[in-house]
Amino acid sequence: MALSWNEIKDRALKFSKDWAFETNEDAEAKSFIDAFFHVFDISRKRIATFETRVKKLDNKDGYIDMLWKGVILIEMKSRGRNLDKAYKQATDYFPGLKEYDLPRYILVSDFEKFRLYDLEEDKREDFFIKDFYKHVKSFGFIAGYQTKIYPSQDPVNIEAAERMGQLHDQLKNIGYRGHELEIYLVRLLFCLFAEDTSIFEKRQFQDYIEIKTKTDGSDLAGHLSTLFHVLNKPREERLTNLDEHLNDFPYVNGKLFEENLSPASFDTEMRNILLECCALDWSKISPAIFGAMFQSVMNPDERRNLGAHYTSEKNILKLIKPLFLDDLWKEFETKKSDKKQLAIFHRKIASLNFLDPACGCGNFLIITYRELRLLEIEVIKALQKGQQVTNVNNLINVDVSQFYGIEYKEFPARIAEVALWLVDHQMNMLVSEEFGEYYIRLPLRKFSHIVHGNALRLKWEDIIEKEKLNYILGNPPFIGKQKQTPEQREDMISIFAGVKSAGVLDYVTAWYLKAAQYIQGTKIISAFVSTNSITQGEQVSILWSVLFKFYHLKIHFAHRTFNWTSEGRGKAIVHVVIIGFGSYDIGSKSLYDYEHLNGEAHLLKVSNINPYLISYRDLVIPSRTKPIANVTPMQNGSMPNDDGHLILSSEERNQIIRKHPEAEKYIKKLVGAVEFINNLDRYCLWLENINIKEVLAIPEIVQRLKQVKEFRSESTREATRKLADFPALFGERRQPTANYIIAPVVSSVNRKYMPLDIYPPEIIATNLCNIIPTGNLFIFGVTQSIMMMTWMANIGGRLKSDWRFTKDNVYNNFPWPLNPSDKQVKIIEEKAQAIINIRAEFKENSLGDMYNVLTMPTALARAHQELDKAVDLAFRPQPFLNESKRMEFLFDLYETYTGGFFTKKNAKTSKGQSKV
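Predicted, not measured: the structure shown is a model, and the values here were computed from it.

Student: Describe the overall build of the chain, naming the residues involved and giving the relevant values.
Tutor: Tallying secondary structure elements over the chain gives 33 helices and 26 strands in all. Expressed as a percentage of the 916 residues in the chain, the buried residues total 56%. The long-range fraction of contacts in the chain, counting pairs at least 24 apart against all pairs at least 6 apart in sequence, stands at 73%. By element, 49% of the accessible surface of the chain is carried by carbon and sulfur atoms, the whole surface being about 40,000 Å².

Student: Any chance you could break down helix H25 (residues 699–713) for me, citing the residues and the numbers?
Tutor: Look at H25: 21 Å from first C-alpha to last across 15 residues, which is about the 21 Å you get at 1.5 Å a residue. Among all positions of H25, only Ile-701, Arg-704, Leu-705, Val-708 and Arg-712 are buried. Buried residues of H25, viewed axially, fall in a sector of 100 degrees; they line one side.

Student: Summarise the pattern of salt bridges; cite the residues concerned and give the values.
Tutor: Inspection of the entire model under this criterion finds 51 salt bridges. A salt bridge links Glu-121 to Arg-104; the shortest N-O distance between them is 3.9 Å. In this pair, Glu-121 is assigned in the loop between strand E5 (113–118) and strand E6 (123–128) and Arg-104 in the loop between helix H4 (83–92) and strand E4 (105–109), connecting sequence segments 17 residues apart. Owing to a relative accessible area of 9%, Arg-104 belongs among the buried residues under this scheme. Glu-331 serves as the salt-bridge partner of Lys-348, at 2.7 Å between the closest nitrogen and oxygen.

Student: Outline the packing of aromatic side chains, supporting the account with residue identities and numerical values.
Tutor: Tallied over the full model, the rule gives 61 aromatic pairs. Here the aromatic rings of Phe-37 and Trp-68 are separated by 6.0 Å at their centres, their planes lie at 65 degrees, and the arrangement is edge-to-face. Of the two residues, Phe-37 is situated in helix H2 (residues 25–38) and Trp-68 in strand E2 (residues 61–68); the sequence distance between them amounts to 31 residues. Accessibility assignment for this pair places Phe-37 and Trp-68 in one class, buried. For the pair Tyr-507 and Trp-511, a centre-to-centre distance of 5.1 Å together with 85 degrees between the ring planes defines the contact as edge-to-face. Side by side, Tyr-507 and Trp-511 carry an identical accessibility label, which is buried.

Student: Please set out helix H32 (residues 858–875) residue by residue, giving values where relevant.
Tutor: The end-to-end C-alpha separation of H32 is 26 Å, in line with the 26 Å expected for 18 residues at 1.5 Å each. Leu-860, Ala-863, His-864, Leu-867, Asp-868, Ala-870, Val-871, Asp-872, Ala-874 and Phe-875 are the residues of H32 that are buried. The inward-facing, buried residues of H32 contact helix H27 (777–783), helix H28 (786–795), helix H30 (822–841), helix H31 (847–850) and helix H33 (883–898).

Student: Could you give me a rundown of the nonpolar core, with the residues and numbers involved?
Tutor: Counting 117 residues, the largest nonpolar core has Ile-472, Trp-791, Phe-805, Trp-816 and Phe-891 as its most contacted members. Excluding residues within four positions of it along the chain, Ile-472 makes contact with Leu-323, Leu-355, Pro-357, Trp-460, Ala-515, Tyr-518, Ile-519, Ile-524, Ile-525, Ser-526, Ala-527 and Phe-528.

Student: Outline the sheet that holds strand E19 (residues 683–685), supporting the account with residue identities and numerical values.
Tutor: If you trace the four strands from one edge of the open sheet to the other, you get E17-E19-E18-E23, paired in mixed fashion. The open sheet terminates on both sides in strands that have one partner only, identified here as strand E17 (647–648) and strand E23 (764–765). Pairing analysis gives two bridges linking strand E18 (residues 667–671) to E23, with the strands arranged parallel. By the bridge assignment, Leu-670 is partnered in E23 with Ile-764.

Cut-off values and rules
- Residues numbered from 1 in each chain as written.
- Predicted model: local features only at pLDDT ≥ 70, side-chain atom pairs only at ≥ 80, totals over all residues.
- Heavy atoms only, no water.
- Helix = DSSP H or I, 4+ residues; strand = E, 2+ residues; numbered from the N terminus.
- Buried < 20%, exposed > 50% of the residue type's maximum accessible area, 1.4 Å probe, protein only.
- Contact = heavy atoms within 4.5 Å.
- Areas by Shrake-Rupley, 256 points an atom, 1.4 Å probe, with all protein chains shown as cover.
- Expected span 1.5 Å × (residues − 1).
- Arc of directions from axis to C-beta.
- Salt bridge = Lys/Arg side-chain N within 4 Å of Asp/Glu carboxyl O.
- Phe/Tyr/Trp six-rings, centres within 6.5 Å; stacked < 30°, edge-to-face > 60°.
- Core = buried A, V, L, I, M, F, W, Y, C linked by side-chain atoms within 4.5 Å.
- Pairing = 2+ DSSP bridges.

Keep in mind that these numbers describe shape and distance, not what the molecule does.
Below, the structure is given as structure tokens:
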């Protein structure tokens, strides 16, 4: 058991007095060093050696005054000698040491002064020995205290996972795999953390391997099996003649070591890999993120982007702070001066229970537990009011038993359990630092409740009763409908039984419905990270109609779309939202908005948050087959369904025309979204109203038609097989016979405007574009305006982060100006034509270049501003202050169109919106 800081300080003061007048290195260096370690109640003989011989770069022998391998090297000099030279002498020994024996710290002394170097942090600390007691906490690494919270992005996290990955591969290659391999690695992980975080003595695990096992690794597995057995045995139940190195290990318990595993097998290389793992400072590794990386070593495909998928602490805090943490801190601030109320508050935080029903390696639970323990420390400090703590064990009430999780895969579930113990120990070390009394929970008697199973099939009530639970949190799997496995699709069918069109929903939505069912009649608040697609497009009306109608959910807080990035090397990015909800309403709600996807959140206090994460009444906008306003309908372009045989490149087109000039009239320019945005040339065979004999005389066309017929005939779809009878025609033909408005289905979110254009009927639009079969400049102007862009950004679905200009969701639901005047219509038409004219001045550039926010021509940007102003005035005379106000207005107008205020009987067709 480590000493308390108070006792260590007393010993340090005595040490300073005892050695105040010693001067001679040769006579007293060893006694001095032994006494130095006694300050921390450490027997130098157990950890370090004097006069370690090493070969220096000049091939001469050197003798280190004292070396604790991997930890600290001490070099002593007589009083008044140059400590710079002492440091230089110490570093000269490094070439003769093994990589994993290199110390992190160097301490040099002349019996009057101490100089401590931290080589990893590149820090130096100088002080007189008489002031040793004032600086004694700088030697916390000796005392067994580890209080520093390290950043999750520290490269040592990735290095550690990579080394464990190497060991995993070696074990798997020899046939040690499956459940036993997973548990074996988790046990090794615990031991590596334990010896660097004072659960074990410093280097205890590493020294046991180095001292007790052969260098060829042949007996390592046997020794590890024995060690695992010992760690699961109380000292009083161990064999009386047990090797002292083994008996010195503490009793851990915690179920981690109770299962009997088949012994593994090691060789020289594998033993060296394990020793290299030991050489890392595992106290620097965050349990909050290491679990996810450790899991990724099991999958070679994931390992290529090691660290890409774990969740940053910053993002986890975005969820847990508005869920509960901010309110708890506010409550603490109001009660910290009232000891009675503060004691009640302390009992409250120790009674809170949390469930993550898709916990993975436990990231959310770990950070939640850490933050709750940090709050508890402040509570205890306020309760003690500066009094010295004599028994900290009686003051700590928060523990891991308050945390529940469900995880589909066994390995991450076990990692989550261990990681919670490890962060518990880190927080116990912080408690020891704060209150000067060493505090450790061994053997482990409190357990988290991590269940291995399918959260969508299990009854959550069997894991924790509703009456005990306070919060549900996490980030369930981000899986769209196209990437769901057959089992996941079965999960969705089971959860959404009877819900129409539920097949389009993302997998994460099943957790929303499952949580909604569970929290009925309770004050439980749930919060999930989700892909932003569940707040856009067709998913909104399907999911939220059910949640509102049958479960009466209310959104309590939300983060609008932002980039969910990792701190890892692969920098995986997903566009997400966070939604916190309950089955009851609250007054003020918190809406976090982002000006940029990678920016910081701006908090807005609002009275309501709807499923589009807009401050507005709860409403859902269903897909529609027709526009709500009397405007020309939008339709999809024409779909070839030809396996590419009706499509021609510029070169293919030119080759055919050179040989058969008469073919030119059958070849049309073809435009999909990519060609439209990037001004690319592509062509197609458009064989309507053809001269049959003329076409049959062109072998290149005939051959392509044969290939189309063959492709369609072999299709598994009956509708496609029927099209084989018409190989000369596109599978679906919707080409207008007059000028039409064209818009890509998808456009980059990095553009302020999705560009549209007016095309002649001779240019064929594919199904990757939407078309409005009219050249009406009023319709073009409104559709191209910031009003439509705002509506699309909030109502339309997304493809990754890109805008999707959908017909049924965006265009058909758009509330057009009710009664624009003739003057307003004319101004919009003029401004729309101005945009077309300015584009023509830059025709050598693509629309993609012209509409890039970094390169948009000034004249074009100003023309859009003029159009936006004209369109806004057609809606109302007052300006819109921001996007939220614009959406609130559009929602009001939408309800005017659809809620009974605007009926067919009193409707007036918007001027300029005549069908074409």
